[in-house]
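Here's the letter readout for the chains.
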Amino acid sequence: MRSRPACMQAASSLHAFATQRSSSTASTSAPERGGSNNKQREAFLATYPQLRNELLNDPLLGVQPEYARRWFAEMMDYNVPGGKLNRGLAVIESLAAVQPPGLRLSEADAHAARVVGFCIEWLQAFFLVADDIMDGSEMRRGRPAWHRLPGVGLSACNDYILLSSSVYRLLKKHLSGHPAYVQILELFHDVTHQTAYGQLLDLKTATPGGRVDLERYTLENYATIVRYKTAYYSFYMPVAAGMLLGGVRGRGAYDTAEKILLEMGEYFQVQDDFLDAFGDPATTGKVGTDIQDGKCSWLVCTALAGATGAQRAAIEANYGRADAACVATVKRVFEESGVEAKFKEYEAESYRRLSAAIKAQTALPQQVFMSLLRKIYRRTK
């Protein structure tokens, strides 16, 4: 992320703005410093209907036919609020964590964080609808992917554009008077571009249905893909947004956050890759297709790094093919190469290394990072 110098320029006014609002509109119902509880989640979820209705009644669009309003509403309801909401909640948690000791968030500041958090959920919905179309996915969050529903199909392409553009309508309405408005916009634009580039790397490294180029499947290439496709928008973005809303200044704090959160994002994606092949679809909510799609996953890169000649030949002959026998052969190679044990070692080492890095840094409160790390450690979905 290279927009951080611009983020820093407004830091002084951001801090003053946040302090002024916190002292003048303090609320006992607002989230406590570093806190994340059921009430906070409920307050976050309660924001969704308000934002949804604002989009349905956007003056920019005037009076719309009822069938179009109904489609827009159903499309948002199906795709936006149904996930774990970790990204959106992380904005609130990060803002709360960077408050000066003894200072509680005002309701106005908490609401601004909820709006930005849900804008990240809207952005996530855009990415997932588009990704499911490109990957030909059948399932998402335990039910059919949006484009698989009767009557949807490729009209979902316009739907994901609407999901993306909705982000900026909401930010304009709720944050245009906030000192961090421009920096928040830059963050959304930059991370969207980074994620799109990560998707490009992901798509062009994979070779589904054709000859597999095993030279592309390296852990170095893998790290680059997940950094841009996953880590920036899933981990760095929510925390950076909370920091901006809280008036955090100093490039060092953003550098520290970026370094730790990109590594956390890679760990998260490695978990995702393992669950794609070996997770229970009833728990994960989706049927894994990384093998069929020829994805540059951690599993295939790790297996190839120590593969015998026969194992390498088996991967080359069967990877990227939508055939049950081919998928079973690849999974057998994964099992023979000890991928499951290597994943467990990787997970334990990642948690140890991230915990140590979080404790060693002094730029930000540890809670900024630990709340996220605890949520994903040893996850099963």
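The model shown is predicted, which means the values in this text are computed figures rather than measured ones. Position labels on residues start from 1 in each chain and follow its written sequence. Residue-level local features of this predicted model are given only where pLDDT is at least 70; pairs of side-chain atoms are given and counted only at 80 or more, and the full residue set underlies all totals for whole chains, interfaces and linings. Excluding hydrogens and water, the side-chain figures rest on all heavy atoms present in the structure.

## Focus on the confidence of the model for the protein
One number per residue, pLDDT, summarises how confident the predictor is, and it ranges from 0 to 100. Per-residue confidence for the protein gives a mean pLDDT of 90, with 90% of residues at or over 70. Should any heavy atoms of two residues lie within 4.5 Å, those residues are considered in contact. Taken as a whole, residues 1–36 scores under 50 in pLDDT and shows 88 contacts with residues more than four places along the chain or in a different chain.

## Some details on the pattern of salt bridges
It is possible for side chains of opposite charge to pair when their charged atoms get near one another. Here a salt bridge means any side-chain nitrogen of Lys or Arg lying within 4 Å of a carboxyl oxygen belonging to Asp or Glu. All chains considered together, the criterion is met by 21 salt bridges. Note that D131 is salt-bridged to K229, the shortest N-O span being 3.4 Å. Highlighted residues: D131 in helix α6 (residues 107–135) and K229 in helix α9 (residues 219–245), separated in sequence by 98 residues. The two residues D131 and K229 agree in class, both being buried. Residue K295 is joined to D202 by a salt bridge in which the shortest nitrogen-to-oxygen separation is 2.7 Å. Taken together, the positions of K295 in the loop between α12 (290–293) and α13 (298–305) and D202 in helix α8 (residues 181–205) put the pair 93 residues apart, joining distant regions of the chain. Grouping residues by exposure puts K295 and D202 together as buried. Ionic contacts of the salt-bridge type, sharing partners, join the residues D131, D132, D135, R140, D202, K229 and K295 into one network. The numbering of helices and of strands both runs from the N terminus, where a helix is a DSSP run of H or I of at least 4 residues and a strand a run of E of at least 2. A 1.4 Å probe rolled over the protein chains alone gives each residue an accessible area, and that area as a share of the maximum for its type sets the label: buried under 20%, exposed over 50%, partly exposed in between.

## Quick word on the nonpolar core
We call a set of buried residues a nonpolar core when its members are Ala, Val, Leu, Ile, Met, Phe, Trp, Tyr or Cys and they connect through side-chain atoms within 4.5 Å of each other. Counting residues in each nonpolar core, the largest one holds 110 residues, and the members touching the most others are M76, W122, L171, F188 and M264. Each residue touching F188, except ones within four places of it in the same chain, is listed here: V116, C119, I120, L123, V167, Y168, L171 and M237.

## Remarks on the packing of helix α5 (residues 86–97) against helix α17 (residues 367–376)
In a pair of packed helices, the angle between the axes and the distance between the axes together describe the arrangement. Between α5 and α17, the least distance of the axes is 9 Å, while the angle of their chain directions is 150°. In terms of axis orientation, α5 runs roughly antiparallel to α17. Taken as a pair, α5 and α17 cross one another with a handedness that is right-handed. Residues N86, L89, A90, E93, S94 and A97 of α5 touch α17, and the partners they reach there are Q367, V368, S371, L372 and K375. Charged residues are taken to be Asp, Glu, Lys and Arg, nonpolar residues to be Ala, Val, Leu, Ile, Met, Phe, Trp, Tyr, Cys and Pro, and polar residues to be all remaining types, Gly included. Residue composition of the contact of α5 with α17, by class: five nonpolar, four polar and two charged. Between the N-to-C directions of two axes lies an angle of 0 to 180 degrees, each axis being a line fitted to C-alpha atoms and, for a helix, fitted only over the stretch in contact. An angle below 35 degrees is treated as roughly parallel, one above 145 as roughly antiparallel, one from 65 to 115 as roughly perpendicular, and anything else as oblique. Helix crossings get a hand from a simple test, with the near helix turned counterclockwise from the far one by less than a right angle marking a left-handed crossing and a clockwise turn marking a right-handed one.

## Re helix α4 (residues 66–79)
Working rule for helices: expected span equals 1.5 Å times residues minus one. Given a rise of 1.5 Å per residue, 14 residues ought to cover 20 Å, and the 20 Å separating the end C-alpha atoms of α4 matches this to within 8%. Looking only at α4, the buried set comprises F72, A73, M75, M76, Y78 and N79.

## Examining α9
Helix geometry: α9 is bent most strongly at A231, by close to 60°. α9 sits mainly inside the fold: 21 of its 27 residues count as buried. Trailing α9 by a residue or two, G247 shows a phi angle of about 75°, which is positive. Bend is the name given here to the angle between axes fitted to two runs of seven residues, the run ending at a residue and the run starting at it.

## Let's talk about the packing of α8 against α9
It is at 7 Å that the axes of α8 and α9 come closest, and there the two elements cross at 165°. Our classification of the angle between α8 and α9 gives roughly antiparallel. Between α8 and α9 lies a crossing of left-handed hand. Residue-level contacts link Q183, I184, L187, F188, V191, Q194, T195, G198, Q199, L201, D202 and T205 of α8 to T224, I225, Y228, K229, Y232, Y233, Y236, M237, A240, A241, L244 and L245 of α9.

## Side note on the side chain of K295
Residue K295 is classed as buried on the basis of its relative accessible area, which comes to 6%. The term polar contact refers here to a pair of N or O atoms within 3.5 Å; inside protein, the definition further demands a hydrogen-donor-capable atom paired with an acceptor-capable atom, and it admits residues adjacent in sequence only when both atoms are side-chain atoms. Of note is the side chain of K295, whose polar atom sits 3.0 Å from the side chain of D135. A distance of 2.7 Å separates polar atoms of two side chains, one belonging to K295 and the other to D202.

## Points about the packing of aromatic side chains
For Phe, Tyr and Trp, rings pair up if their centres lie within 6.5 Å, where Trp contributes its six-membered ring, and each pair is then called stacked (planes under 30 degrees apart), edge-to-face (over 60) or tilted (otherwise). Applying the stated rule across the entire model yields 21 aromatic pairs. Measuring from centroid to centroid gives 6.0 Å for Y232 and Y236, while their planes differ by 90°, and the two rings are edge-to-face. Remark: Y236 and Y232 occur in helix α9; sequence separation between them is four residues, near one turn of the helix. By the burial criterion, Y232 is buried, and Y236 matches it. An angle of 40° between the planes, with centres 5.3 Å apart, marks the rings of F274 and F278 as tilted. Separated by four residues within a single helix, F274 and F278 lie in helix α10 (residues 251–278), roughly one turn from each other.

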